[in-house]
Amino acid sequence: MTESITDTTTDDSAVATTAPREAGVALLEVEDLAVEFRSDDGSVRAVDGLSYRVDAGRTLALVGESGCGKSVSSLAVMGLLPPTARVVRGSARYRGTDLLALSPTQHRGHNGTHVAMVFQDALAALNPVHTVGYQLAESLRARTGSSKREARRRAVELLDLVKVPNAVQRVDEYPHQFSGGMRQRVMIASALALDPDVLIADEPTTALDVTVQAQVLRLLAEIQAERQMGLVLITHDLGVVAGVADDVTVMYAGRAVEHAPVRDLYAAPAHPYTRALLRSVPRLEAGGDRSVGGRLPVVPGRPPAPGKVPPGCPFHPRCDMARDVCRTDVPQLDDVAPGRSSACHFATELLGGVRA
Ligand SMILES: Nc1ncnc2c1ncn2[C@@H]1O[C@H](COP(=O)(O)OP(=O)(O)O)[C@@H](O)[C@H]1O
Ligand code: SF4
Ligand SMILES: [Mg+2]
């Protein structure tokens with residue numbers, strides 16, 4: 001069953017434990033999630049009413065500039081918020097079970113097996129003094145109680161799964177012997193070790209050069225499709241989601257401001273912030289390289305810090321379409337076309353009059 005993803009696989013049982021996942025089944029439904037941090041000035045809200053859903057066999061991209069709440073919302077779903085943060089509202093249902101209502105011990109039991117995460121700073125997470133295989137095997141042993149021999153066999157399978165060449169040999173090498181792209185594959189392998197239904201990959205390619213980014217994204221897309229996993233792909237770069245995601249949720253200041261199927265969003269964004277993000281995606285010229293020439297400016301200014309979100313539309317100080325109403329009235333995330341929603345007072349104008 002792994003031909004299409006692991007042409008180096010030596011043993012098909014690498015993914016044989018995957019339970020069938022029916023396409024279209026809702027695996028993870030985040031609803032109205034709000035997270036606050038305690039600070040000297042009181043509480044500040046880093047995530048404010050975020051909702052999204054990821055189904056089996058689908059990839060949802062969670063996109064927005066740095067600081068908009070992508071990582072914090074994911075850590076909340078995993079029950080891994082720092083002690084200064086707390087969920088103040090909302091739910092995160094995995095196949096109907098609200099993960100946020102579980103005890104920490106119960107929550108940990110879901111992590112890895114049902115919902116797993118590749119963390120944003122994953123490349124730094126490998127211990128330099130142990131071999132890659134030892135680290136994969138030990139975390140497996142801790143979770144499954146398998147023997148050393150079995151865990152090592154599985155570590156080789158996992159490296160095969162993420163297309164690390166010569167896995168049998170490389171399993172005994174140290175992290176510094178792996179390139180950045182290969183280390184990121186190891187971290188993805190580690191997240192996939194317990195065959196999760198949902199994988200949250202937090203900026204999995206940001207630290208990599210453009211060619212390697214594309215390879216790692218393609219790998220993730222292949223594994224996701226092969227296993228009918230639900231994938232939540234977090235990125236600040238709308239350019240990377242085009243060939244990978246089915247749907248996109250754009251975040252700004254802790255909120256979802258647009259949700260759409262990826263093609264619709266590219267064809268006609270329904271929020272000025274999305275439009276600005278799209279304008280910042282460099283076009284690939286013939287023979288060109290996105291890494292050459294730097295990025296185009298997104299939009300002047302910066303997103304507001306939590307606690308400094310302006311009244312009305314949070315985007316209004318940076319929006320070239322802002323009018324008086326935008327400074328006073330908070331736009332809600334409303335349906336604007338089939339399968340599409342936008343939190344902009346003038347979304348239908350942007351879409352050229354298309355109405356839900
Ligand atoms: N440990 C923390 N303490 C206080 N504020 C934090 C902490 N971690 C994140 N934040 C704030 O929460 C907001 C969202 O952060 P984050 O989810 O990491 O953004 P991103 O979208 O870049 O992943 C940011 O403005 C950040 O400053
Ligand atoms: S509501 Fe107003 S300020 Fe906000 S994105 Fe729409 S036009 Fe811009
Ligand atoms: Mg982040």
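Up top is the structure these notes are about.
So, how was this worked out
- Residues numbered from 1 in each chain as written.
- Chains lettered and ligands numbered in written order.
- Predicted model: local features only at pLDDT ≥ 70, side-chain atom pairs only at ≥ 80, totals over all residues.
- Heavy atoms only, no water.
- Helix = DSSP H or I, 4+ residues; strand = E, 2+ residues; numbered from the N terminus.
- Contact = heavy atoms within 4.5 Å.
- Areas by Shrake-Rupley, 256 points an atom, 1.4 Å probe, with all protein chains shown as cover.
- Core = buried A, V, L, I, M, F, W, Y, C linked by side-chain atoms within 4.5 Å.
- Buried < 20%, exposed > 50% of the residue type's maximum accessible area, 1.4 Å probe, protein only.
- Near = heavy atom within 4 Å.
- Nonpolar A, V, L, I, M, F, W, Y, C, P; charged D, E, K, R; others polar.
- Polar contact = N/O pair within 3.5 Å; in protein donor to acceptor, adjacent residues only side chain to side chain.
- Donors = N, O, S within 2.8 Å, 3.2 Å for Na, K, Ca; no water.
- Pairing = 2+ DSSP bridges.
- Axes fitted to C-alpha atoms, helices over the stretch in contact; angles between N-to-C directions.
- Parallel < 35°, antiparallel > 145°, perpendicular 65-115°, else oblique.
- Left-handed = near helix turned anticlockwise from the far one by under 90°.
- Expected span 1.5 Å × (residues − 1).

Draft legend 1. Just the overall build of the chain, in detail. In terms of helices and strands, the chain carries 10 helices and 12 strands. If you take every contact in the chain between residues at least 6 apart in sequence, the share linking residues at least 24 apart comes to 65%. Surface exposure of the chain reaches about 16100 Å², of which carbon and sulfur atoms provide 51%.

Draft legend 2. Representation of the nonpolar core. Judged by nonpolar contacts, the single largest core of 72 residues is most densely connected at L199, L238, V241 and V248. The biggest single contributor to this core is helix α6 (residues 180–192), with seven residues.

Draft legend 3. Local environment of the site of ligand 2. Taken together, the neighbourhood of ligand 2 is formed by 13 residues, with C313, C319, C326, C344 and H345 sitting nearest. Broken down by class, the residue content of the shell around ligand 2 amounts to 10 nonpolar, three polar and no charged.

Draft legend 4. How the structure looks around the side chain of S342. If you trace the backbone, S342 turns up in strand β12 (residues 340–342). Separated by 2.6 Å, the side chain of S342 and the backbone oxygen of A270 make a polar contact. Of note is the side chain of S342, whose polar atom sits 3.4 Å from the backbone nitrogen of C344.

Draft legend 5. Seen up close, the coordination of the magnesium ion (ligand 3). S71 (OG) and Q120 (OE1) make up the full set of protein donors to the magnesium ion (ligand 3), lying at 2.1 Å. With S71 in helix α1 (residues 70–78) and Q120 in the loop between β6 (115–118) and α3 (132–144), this residue pair connects regions lying 49 residues apart in the sequence. Given the relative accessible area of 44%, Q120 is considered partly exposed.

Draft legend 6. Structural context of the site of ligand 1. Around ligand 1, the neighbouring residues are F37, A46, E65, S66, G67, C68, G69, K70, S71, V72 and P306. Contact between ligand 1 and K70: an oxygen atom at 2.8 Å from a side-chain N or O atom of the residue. At 2.8 Å, a backbone N or O of V72 approaches an oxygen atom of ligand 1. Protein burial of ligand 1: of its 560 Å² of free accessible surface, 65% is covered by the chains. Counted by class, the shell around ligand 1 contains five nonpolar, four polar and two charged residues.

Draft legend 7. Fine view of the sheet that holds strand β5 (residues 97–98). Ordered in space as β2-β1-β4-β5, the four strands form an open sheet in which the pairing is antiparallel. The open sheet has two free edges, formed respectively by β2 (42–55) and β5, since each of these has just one partner strand. One ladder, built from eight bridges, connects strand β1 (residues 26–39) with strand β4 (residues 85–94); its direction is antiparallel. Bridge pairing in β4 places L28 opposite Y94.

Draft legend 8. Quick peek at the environment of L99. Inspection of the secondary structure assignment puts L99 in the loop between β5 and α2 (104–110). C-alpha of L99 to C-alpha of V30: the two residues are 69 residues apart in sequence and 9.7 Å apart in space. Discounting residues that sit within four places of it in the chain, L99 has contacts with L28, V77, A92, Y94, H107, H110 and V115.

Draft legend 9. Representation of the sheet that holds β12. One open sheet holds the eight strands; their spatial order is β6-β7-β8-β3-β9-β10-β12-β11, and the pairing between them is mixed. Each edge of the sheet is formed by a strand with only one pairing partner; in this case those strands are β6 and β11 (334–337). Recorded for the sheet is a direction-independent mean angle of 25 degrees between the axes of neighbouring strands. As paired elements, β11 and β12 share three bridges and run antiparallel to each other. For D335, the partnering residue across the bridge sits in β12 and is S341. Its contacts with the sheet place helix α7 (residues 210–227) against β3 (59–63), β7 (198–202) and β8 (230–235), and it is angled at close to 160 degrees to β8.

Draft legend 10. Structural context of the packing of helix α4 (residues 148–161) against α6. Running from N to C, α4 and α6 point in directions that differ by 120 degrees, and their axes come no closer than 9 Å. With respect to their mutual orientation, α4 and α6 come out oblique. Along this stretch, α4 crosses α6, giving a crossing that reads as right-handed. Together, R154, L158, L159 and L161 of α4 and V186, A189 and L192 of α6 make up the contact between the two elements. In terms of residue class, the contact of α4 with α6 is made up of six nonpolar, no polar and one charged.

Draft legend 11. Looking closely at α3. With 13 residues, α3 extends 18 Å between its outermost C-alpha atoms, agreeing within 8% with the 18 Å of an ideal straight helix rising 1.5 Å per residue. What α3 keeps buried is the set V132, G133, Q135, L136, A137 and L140. In this structure, the buried side of α3 is in contact with α4 and α6. Just downstream of α3, G145 is the residue with a positive phi angle, here 70 degrees.

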